[in-house]
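So the chains spell out like this:
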Amino acid sequence: MKQDTDMNRRRFLGQTAGVAGLTIVPGVMLYEVQARPADQAASSSVRWGMLIDTRQCDTGCTDCVTACKTENGWGSTETKSSPEQQAQWIRKVKLTDKQTGHVQSLPLMCQHCETPPCVDVCPTGASMKRADGIVLVDKHICIGCRYCMMACPYKARSFIHEPLTDQKPHAPRGVGTVESCTLCVHRIDKDGTPACVEACNAEGHKAMYFGNLNDPDSDISKHLKQHGGEQIRADLGLNTGVRYQGL
Amino acid sequence: MVFFCKYMHKLVTLAGVSLLLPLTSQAVDLMPVIPKAKGQQCVESTDKMRRNHMEYILHQRNDTLRKGIRTPKYSLKKCIECHNAPDKDNRVAHISSKQDHFCSSCHTYVAVKIDCFECHADKPKKTQYHPTSREGH
Amino acid sequence: MKAIRYLQIEGRSVGYYALLGILGLIVAAGGLAALYMEHNGHYVTGMNNQIVWGIPHVFAVFLIIAASGALNVASISSVFNKKAYKPLALLSAFLSVCLLLGGLTVLVLDLGQPDRLIIAMTLYNFKSIFAWNMILYNGFIAVVAVYIWFMMEKRMNKYSRYAGFTAFFWRLMLTTGTGSIFGFIVARQAYDAAIMAPMFVIMSLSYGLAIFILVMMASYHWSERELGDATVRRMTNLLGVFIAAVLYFTLTYHLTNLYVTENHGVEAFILRDGGLYTQLFWIGTILIGGLLPLFLIYFPATAKNRKMISAACVMVILGGLATLYVIIIGGQAYPLEMFPGKIVESSFFDGGIKAYTPTLAEILLGTGGFALSLIMVALVVKILRVLPDNMADANVDPHY
Ligand code: SF4
């Protein structure tokens with residue numbers, strides 16, 4: 001029963017979030033609705049996911065990337081590392097069709113697979129999937145072997161090559177461990193939306209949706225049902241939580 | 001090996017801390033200067049905290065990261081908010097300052113290496129969501 | 001035929017101490033490099049978020065699979081009951097453990113958090129090949145240790161065959177496991193192939209035996225003991241077979257890959273357009289690691305010459321390192337195939353061929369591990385009775 005109310009509340013939030021971000025002072029909605037109680041574990045009745053409409057995504061725009069950097073504190077923190085060594089949780093990828101020259105643009109980050117290869121290969125269990133489908137690195141037990149980076153088909157993970165200071169309290173990250181997009185798990189646990197999605201919508205691009213894939217009435221599920229959403233490297237059968245339209 | 005040493009150190013710490021408690025009055029200058037906390041009362045008694053804080057946060061870290069349980073009681077973020085609050089000149093200690101940072105002051109004294117702050121923020125910072133997430137918000 | 005006596009080498013010559021000194025220096029340099037890397041973080045290496053495994057892994061994987069191959073001689077003597085190999089079984093077993101320890105040391109010291117080794121030893125994710133390998137490696141050391149004990153302790157001699165059997169199967173699993181580290185990576189074009197595991201087994205036989213022959217000839221030469229041509233001949237013949245087998249597997253691997261259109265890109269990269277990787281493949285793997293040593297081993301004029309045989313073994317080792325470089329690093333340099341038919345560009349180096357320039361630190365770490373293995377062997381033959389004092393042909397039963 002309790003779960004049901006929870007679901008309703010999320011559904012309600014999912015539907016209004018896009019509007020709220022534009023019209024009302026954003027924080028207000030979030031404070032009025034109560035998040036999943038802090039002492040309750042994330043549940044598998046929910047599966048968080050994202051939908052990216054590449055047709056709305058502009059080649060030059062990096063709002064989502066900037067938002068992620070600001071939110072999670074990566075980007076300018078690694079001063080000694082070379083550009084090849086610096087972490088990137090999310091990046092903009094430009095695709096040009098070899099045959100037609102057609103250009104597309106999309107943000108690429110951890111795809112939060114249902115069966116993540118990084119979790120399979122991790123020797124210690126540091127690479128893990130939360131009950132609600134969010135793939136995370138437990139840096140407490142990550143030994144920095146980088147096998148997960150070898151295994152990820154999306155190159156979504158980064159290794160930290162130098163000691164860091166001044167991290168964000170909600171986004172711990174440090175030397176010798178591996179990290180990637182957390183789907184802004186700290187926000188989700190307070191019923192928020194990932195920073196990238198929020199930024200994309202706030203700027204009016206409307207290229208990113210976030211919500212519960214297990215709830216047929218959520219905004220994202222309806223969109224997916226109506227317009228479809230492809231997976232990158234669908235051939236691997238990973239059932240990714242991040243889907244793309246217009247690939 | 002290093003890890004094993006850490007455990008040995010932990011034992012030594014426990015012994016060390018408990019031994020030192022009655023000595024405070026005589027051996028003041030030998031003691032680490034432990035910075036004052038902001039709040040009135042910690043989540044457990046001082047005695048318990050001294051002995052068991054590592055257990056509390058170890059347990060909490062698994063609950064929070066792996067299950068998403070975010071109760072504030074043993075949250076490391078809360079420890080830092082209270083024990084490393086900005087002083088009246090708005091200065092906060094960095095983990096590398098062996099006297100001024102709450103965790104460092106004691107851990108340096110008892111020579112127990114901690115790696116919490118390789119990843120975790122060593123000082124409080126207001127988490128504010130960035131509705132439009134522009135740099136500088 | 002005399003009974004075989006195992007004797008320590010004297011180990012008091014200038015040459016012996018010089019050997020220890022040089023190896024010791026290389027080990028020390030490797031140790032310092034590891035400290036330096038741990039203290040600064042991996043930014044001091046050439047490894048990055050595109051090439052995540054580098055030179056240390058080339059050395060580590062080489063040593064680990066060579067360890068399993070170094071057990072050949074012991075396996076042949078106990079599993080296939082060939083008496084001629086028996087006297088050298090002990091050396092073979094010790095060499096095998098030493099190589100494995102050297103390789104594991106490199107692997108561990110390259111971790112981002114080497115002091116969390118205890119976590120890797122206590123928390124196992126049983127879906128992970130890597131975790132299985134931890135068990136396989138530790139188990140291998142234990143199994144071979146028992147085997148050595150049974151061989152060295154008279155009363156246990158009668159059981160040594162069983163221990164030999166166990167060690168034999170264990171080492172096959174070990175190399176299969178190591179090969180599977182790569183074989184199970186579905187994401188990367190170059191790795192996703194079942195043939196990786198058997199190929200690693202064959203490679204291990206070849207590299208391990210090459211190191212064994214070198215160590216054996218060096219020990220006998222430097223300790224001025226006799227080593228008969230028949231013994232050497234027997235082993236180089238075997239090495240020749242293994243080298244040919246590696247070449248065959250390499251061929252099969254690339255041919256089957258070429259059959260699948262999806263893999264044409266990566267094959268063209270390794271075989272034709274890869275610059276360094278292409279050179280390493282053709283010159284390193286095929287020429288130096290394959291054809292040349294085969295020639296030296298089978299050409300009558302060189303086949304009996306110990307110097308030439310040593311050269312052939314060294315070539316096999318160099319070729320092996322080149323092969324692993326191409327597999328491990330070349331396999332990562334080639335971009336992930338995420339968007340077929342598209343040109344991919346991004347700030348994260350998607351789409352292009354990735355560059356990798358190793359730094360001194362990581363090379364020293366790798367060579368340090370190799371030297372560590374060898375120094376352990378050098379000490380073992382001095383401290384323990386491992387080496388038969390006379391391996392002249394007359395002393396060894398030639399009919400098996
Ligand atoms: S780097 Fe860390 S998270 Fe990744 S496989 Fe290794 S231990 Fe697991």
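Values in this document were obtained by computation on a predicted structure and should not be read as measured data.

Student: Looking at this structure, how should I read the site of the ligand?
Tutor: In the region of the ligand, 13 residues are neighbours, and C122, C142, C145, R146 and C148 of chain A sit closest. In terms of residue class, the shell around the ligand is built from 9 nonpolar, 3 polar and 1 charged.

Student: I tried to follow the nonpolar core on my own but got confused; where do I start?
Tutor: Note that soluble globular proteins tend to have their nonpolar side chains buried in a common cluster. Y147 of chain A together with F62 and M216 of chain C are the most contacted members of the largest nonpolar core, which totals 185 residues. Among the elements that make up this core, the one with the highest residue count is helix α8 (residues 196-222) of chain C (16 residues). Ignoring anything within four residues of it in the chain, the contact list for F62 of chain C reads Y207, I211, I317, G320, L321, L324 and F370 of chain C. Counting residues in hydrophobic clusters, the runner-up holds 8 residues, among them A33, A34, A60 and A361 of chain C.

Student: Looking at this structure, how should I read the interface of chain A and chain C?
Tutor: Interface size is commonly expressed as the accessible surface area that is lost when the partners come together. Each partner contributes to the interface: chain A provides 55 residues, whereas chain C provides 54 residues. Summing the contributions of chain A and of chain C, the shared interface buries around 4,600 Å²; its carbon and sulfur component is 57%. Among the residues chain A hides against chain C, the three largest losses belong to Y147, M150 and K155 of chain A. Together they make up 18% of the total. Counting across the interface, chain A meets chain C through 5 salt bridges. Residue D110 of chain C pairs with R146 of chain A through a salt bridge whose shortest N-O separation is 3.0 Å. In this structure, the connection of chain A to chain C is made through 38 residue pairs in polar contact (both at pLDDT 80 or more). Those elements that place two or more of their residues in the side of chain A that touches chain C are β2 (90-97), β3 (103-109), α4 (117-121), α5 (147-151) and β6 (158-159) of chain A.

Student: Mind showing me how you'd approach the environment of D166 of chain A here?
Tutor: Relative to the helices and strands, D166 of chain A is located in the loop between β6 and β7 (178-179). Taking the relative accessible area as the measure of exposure, D166 of chain A reaches 42% and is therefore partly exposed. Between the C-alpha atom of D166 of chain A and that of A126 of chain A, which follows or precedes it by 40 residues, the distance is 23 Å. Residues contacting D166 of chain A, with those up to four places away along its chain left out, are K123 and K125 of chain B. In terms of polar contacts, D166 of chain A uses its side chain to reach the side chain of K123 of chain B, at 3.1 Å.

Student: Explanation requested: the packing of aromatic side chains in the structure shown.
Tutor: Applying the stated criterion across every chain yields a total of 25 aromatic pairs over all chains. Between F165 of chain C and F169 of chain C, the aromatic rings sit 6.4 Å apart at their centres with planes inclined by 15°, giving stacked as the arrangement. On the criterion of helical spacing, the pair formed by F165 of chain C and F169 of chain C is a turn pair, its members being 4 residues apart in helix α7 (residues 160-183). Relative accessible area serves as the criterion here: at 29%, F165 of chain C is assigned to the partly exposed category. For the ring pair Y325 of chain C and Y356 of chain C, a centre distance of 6.5 Å and an interplane angle of 40° mean the geometry is tilted. Taken together, the positions of Y325 of chain C in helix α13 (residues 306-333) and Y356 of chain C in the loop between β3 (342-346) and α14 (360-383) put the pair 31 residues apart, joining distant regions of the chain. Accessibility expressed as a relative area gives 10% for Y325 of chain C, which makes it buried. An aromatic cluster is built from Y147 of chain A together with W53, F130, F182, Y191 and F200 of chain C, whose rings are joined through pairwise contacts. Its guanidinium or amino end placed over the ring of F159 of chain A, R146 of chain A lies 4.9 Å from that ring's centre, counting from NZ or CZ. One cation-aromatic arrangement involves K155 of chain A over F348 of chain C; the distance from NZ or CZ to the ring centre is 4.2 Å.

Student: Looking at this structure, how should I read a nonpolar patch on the surface?
Tutor: All names here are of chain C. Taken together, the side chains of W282, I283, L287, L291 and L292 define a hydrophobic patch exposed on the protein surface, amounting to about 440 Å² of accessible area. With respect to the secondary-structure elements, W282 resides in helix α11 (residues 276-298). With a relative accessible area of 42%, W282 lands in the partly exposed category.

Student: Mind showing me how you'd approach the confidence of the model for chain B here?
Tutor: It should be kept in mind that the predicted coordinates are not to be read in detail where pLDDT is low. Residue and element names in this part refer to chain B. For chain B, the mean per-residue pLDDT works out to 77, and 70% of the residues sit at or above 70. Every residue in residues 18-27 is under pLDDT 50, and counting partners more than four places away or in other chains gives 6 contacts. Interface confidence in the predicted complex, given as ipTM, is 0.90; pTM for the same model is 0.88.

Student: I'm lost on the interface of chain B and chain A in this one. Help?
Tutor: The interface is formed by 27 residues belonging to chain B together with 44 residues belonging to chain A. At the junction of chain B and chain A, the tally comes to 3 salt bridges. Notably, a salt bridge pairs K123 of chain B with D166 of chain A, separated by 3.1 Å at the nearest N-O pair. Applying the counting rule to chain B against chain A returns 10 residue pairs in polar contact (both at pLDDT 80 or more). Elements represented by at least two residues in the side of chain B that touches chain A include exactly α2 (46-67) and α5 (116-119) of chain B. Counting residues per element, the side of chain B that touches chain A draws most heavily on α2 of chain B, which supplies 5 residues.

Reading the values: the criteria
- Residues numbered from 1 in each chain as written.
- Chains lettered and ligands numbered in written order.
- Predicted model: local features only at pLDDT ≥ 70, side-chain atom pairs only at ≥ 80, totals over all residues.
- Heavy atoms only, no water.
- Near = heavy atom within 4 Å.
- Nonpolar A, V, L, I, M, F, W, Y, C, P; charged D, E, K, R; others polar.
- Core = buried A, V, L, I, M, F, W, Y, C linked by side-chain atoms within 4.5 Å.
- Buried < 20%, exposed > 50% of the residue type's maximum accessible area, 1.4 Å probe, protein only.
- Helix = DSSP H or I, 4+ residues; strand = E, 2+ residues; numbered from the N terminus.
- Contact = heavy atoms within 4.5 Å.
- Buried area = accessible area lost by both parts, 1.4 Å probe.
- Salt bridge = Lys/Arg side-chain N within 4 Å of Asp/Glu carboxyl O.
- Polar contact = N/O pair within 3.5 Å; in protein donor to acceptor, adjacent residues only side chain to side chain.
- Phe/Tyr/Trp six-rings, centres within 6.5 Å; stacked < 30°, edge-to-face > 60°.
- Lys NZ or Arg CZ within 6 Å of the ring centre and 35° of its normal.
- Patch = residues over 30% accessible without salt bridge, like charges linked within 9 Å, V, L, I, M, F, W, Y side chains within 5 Å.
- Areas by Shrake-Rupley, 256 points an atom, 1.4 Å probe, with all protein chains shown as cover.
- pLDDT = per-residue confidence, 0-100.

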